[in-house]
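Single-letter residue listing:
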Amino acid sequence: ADDLPAAKTGGKLWGGRFSAATDPLMESFNASIHFDRRMWREDIEGSKAYAVAILKVGIITAEECEAIRNGLDGIALEWEHGNFKLHPSDEDIHTANERRLKEVIGAAASKLHTGRSRNDQCSTDMRLWMRGQIQQLRKHVVEFIGVCKKRAEQECDVIMPGYTHLQRAQVVRWSHWLLSFAWPMKRYVEQLDELTARVNIMSLGSGAIAGNAFGIDREALAKDLGFAGVCENSMDATGDRDFVAEFLMWASLTMTRLSKWAEDLLLYSSKEFGFVSISETYSTGSSLMPQKKNADSLELIRGKSGRIFGHSCGFLMTLKAVPSTYCKDLQEDKEMRVLSSMSRPWN
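It should be emphasised that the depicted structure is a prediction, and the values quoted were computed from it without experimental measurement.

The rules behind these values
- Residues numbered from 1 in each chain as written.
- Predicted model: local features only at pLDDT ≥ 70, side-chain atom pairs only at ≥ 80, totals over all residues.
- Heavy atoms only, no water.
- Axes fitted to C-alpha atoms, helices over the stretch in contact; angles between N-to-C directions.
- Helix = DSSP H or I, 4+ residues; strand = E, 2+ residues; numbered from the N terminus.
- Left-handed = near helix turned anticlockwise from the far one by under 90°.
- Contact = heavy atoms within 4.5 Å.
- Patch = residues over 30% accessible without salt bridge, like charges linked within 9 Å, V, L, I, M, F, W, Y side chains within 5 Å.
- Areas by Shrake-Rupley, 256 points an atom, 1.4 Å probe, with all protein chains shown as cover.
- Salt bridge = Lys/Arg side-chain N within 4 Å of Asp/Glu carboxyl O.
- Lys, Arg positive; Asp, Glu negative; His and termini not counted.
- Charge placed at Lys NZ, Arg CZ, Asp CG, Glu CD.
- Disulfide = S-S within 2.5 Å.
- Buried < 20%, exposed > 50% of the residue type's maximum accessible area, 1.4 Å probe, protein only.
- Expected span 1.5 Å × (residues − 1).
- Polar contact = N/O pair within 3.5 Å; in protein donor to acceptor, adjacent residues only side chain to side chain.
- Core = buried A, V, L, I, M, F, W, Y, C linked by side-chain atoms within 4.5 Å.

## Comments concerning the packing of helix H4 (residues 62–80) against helix H5 (residues 93–105)
Next up, step 1: Two elements in contact, H4 and H5, have axes separated by 9 Å at closest approach and are oriented at 115°. As H4 runs across H5, the sense of the crossing is right-handed. Seen from H4, the contacting residues are Ala67, Ile68, Gly71, Leu72, Ile75, Glu78 and Trp79; seen from H5, they are Ile93, Asn97, Arg100, Leu101, Val104 and Ile105.

## Brief notes about a negative patch on the surface
Next up, step 1: A cluster of acidic side chains, namely Asp217, Glu219, Asp224 and Glu232, defines a negative patch on the protein surface.
Next up, step 2: As for its position among the elements, Asp217 is in the loop between strand E3 (201–202) and helix H8 (218–224).

## Observations regarding the state of the cysteines
Next up, step 1: According to the stated counting rule, one finds zero disulfides in the structure shown.
Next up, step 2: Here Cys156 stays unpaired: no disulfide links it, and the sulfur of Cys148, its closest cysteine neighbor, is 14 Å away.
Next up, step 3: Under the relative-accessibility criterion, Cys156 is labelled partly exposed at 32%.
Next up, step 4: The thiol of Cys231 is unpaired, and the distance to the nearest cysteine sulfur, on Cys122, comes to 12 Å.
Next up, step 5: Of the residues examined, Cys231 reaches a relative accessible area of 8% and is grouped as buried.

## Re helix H3 (residues 40–56)
Next up, step 1: Compared with an ideal rise of 1.5 Å per residue, which puts 17 residues at 24 Å, H3 spans 25 Å between its outermost C-alpha atoms and is within 8% of the ideal.
Next up, step 2: For H3, a buried count of 13 out of 17 residues is recorded, marking the element as mostly surrounded by other parts of the structure.
Next up, step 3: Gly58 sits one or two positions beyond H3 and adopts a positive phi of about 85°.

## Notes on helix H6 (residues 118–154)
Next up, step 1: The terminal C-alpha atoms of H6, which comprises 37 residues, lie 54 Å apart, in line with the 54 Å expected from a rise of 1.5 Å per residue.
Next up, step 2: A distance of 2.9 Å separates the backbone nitrogen of Asn119 from a side-chain oxygen at the start of H6, and that oxygen is part of Ser117.

## Focus on the nonpolar core
For soluble globular proteins, the rule of thumb is that nonpolar side chains tend to be buried together.
Next up, step 1: Residues Met130, Trp177, Phe247, Trp250, Trp261 and Leu298 are the most contacted members of the largest nonpolar core, which totals 42 residues.
Next up, step 2: At the level of secondary structure, the elements contributing two or more residues to this core comprise H6, helix H7 (174–199), helix H10 (242–268) and helix H11 (296–320).

## Quick word on the environment of Phe275
Next up, step 1: Within the secondary structure, Phe275 sits in the loop between H10 and H11.
Next up, step 2: For the pair formed by Phe275 and Trp174, sequence separation is 101 residues and the distance between their alpha carbons is 9.9 Å.

## So, the side chain of Asp125
Next up, step 1: For Asp125, the position within the fold is in helix H6.
Next up, step 2: Although Asp125 is buried, it makes no salt bridge; Arg116 carries the closest opposite charge, 6.6 Å away.
Next up, step 3: The contact partners of Asp125, leaving out residues within four places of it in the chain, are Met39, Glu42, Asp43, Ile93 and His94.

## Describing the pattern of salt bridges
Next up, step 1: Applying the stated criterion across every chain, the model contains 19 salt bridges.
Next up, step 2: Residue Glu91 pairs with Lys328 through a salt bridge whose shortest N-O separation is 3.8 Å. In this pair, Glu91 is assigned in the loop between H4 and H5 and Lys328 in the loop between H11 and helix H12 (334–341), connecting sequence segments 237 residues apart.
Next up, step 3: The shortest N-O distance in the salt bridge between Asp333 and Arg241 comes to 2.8 Å. Here Arg241 lies in the loop between helix H9 (234–239) and H10 and Asp333 lies in the loop between H11 and H12, a separation of 92 residues in the sequence.
Next up, step 4: We classify Asp333 as buried; its relative accessible area is 0%.
Next up, step 5: Each member of the salt-bridge network shares a partner with another, and the members are Glu78, Asp90, Arg99, Arg100 and Glu103.

The structure is reproduced here in structure tokens:
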């Protein structure tokens, strides 16, 4: 580390009181841009709305507000087209977008962060991003329910043995087995809708800990961003990650059910049971035994469920030792937690 050049802090959002440069190892260890860059759209959306809020209280002029919003629109296009150039000094998505805005429009960009902390900014970005991602997940779960329902209707007359203790118990319909997974998924959709209501509360305007000193209209700001309301306590708002933990627990429960579903189908597709045949489209073979057809798709669903459980347990372990309000530990809400759990499991 002694041989590496230290990074300057003057250009950082937090660099005001620092005279010593940051060690490159600390730069790398502290940076979150490699994972929170996924929230570029939400960060820009929040900044555009915040520009209007500080315009209303006279911090920026109408011309500056227009320049800021137009500049952010241009930066959004750079992200969309894959043309945004990250700099080594871009610690996180907030720093990256604001640094680029200064390059595009000049001094007016420096006023955008007035009264705003990354503590309330990162929480707001997370809530905006999760709100959108939850709706995508909801569509997938609803689609799963629809497929179960359709197959149950089409194959209602198929009879199979039902099992308890993995021993044959009573005769049941195949459709009964299919719908035994559709009904839990319906509950999970309901739970996801309840979670959405808790995610859809705005923390922006809470500042670092004690609120916004410039009297911005948080209710109007929340409306601009599509939030149902505002967090009522700024200390709670900046440190709250209950909505993240709750999502991870929801994801764990959902993956538990999918793992059971996969395990049943793995058993039923084996030669010993022979109830179903897994499509070759979703199977693989053996490099040694050419007669094999392996249901790897189902095994991977079963196996990857453990990763989701790990994210949930790991994040709860992080939360348990964090004192009230914001600490950098909470950066772990993104890396290998929600961002990973909400992504395609093969990412």
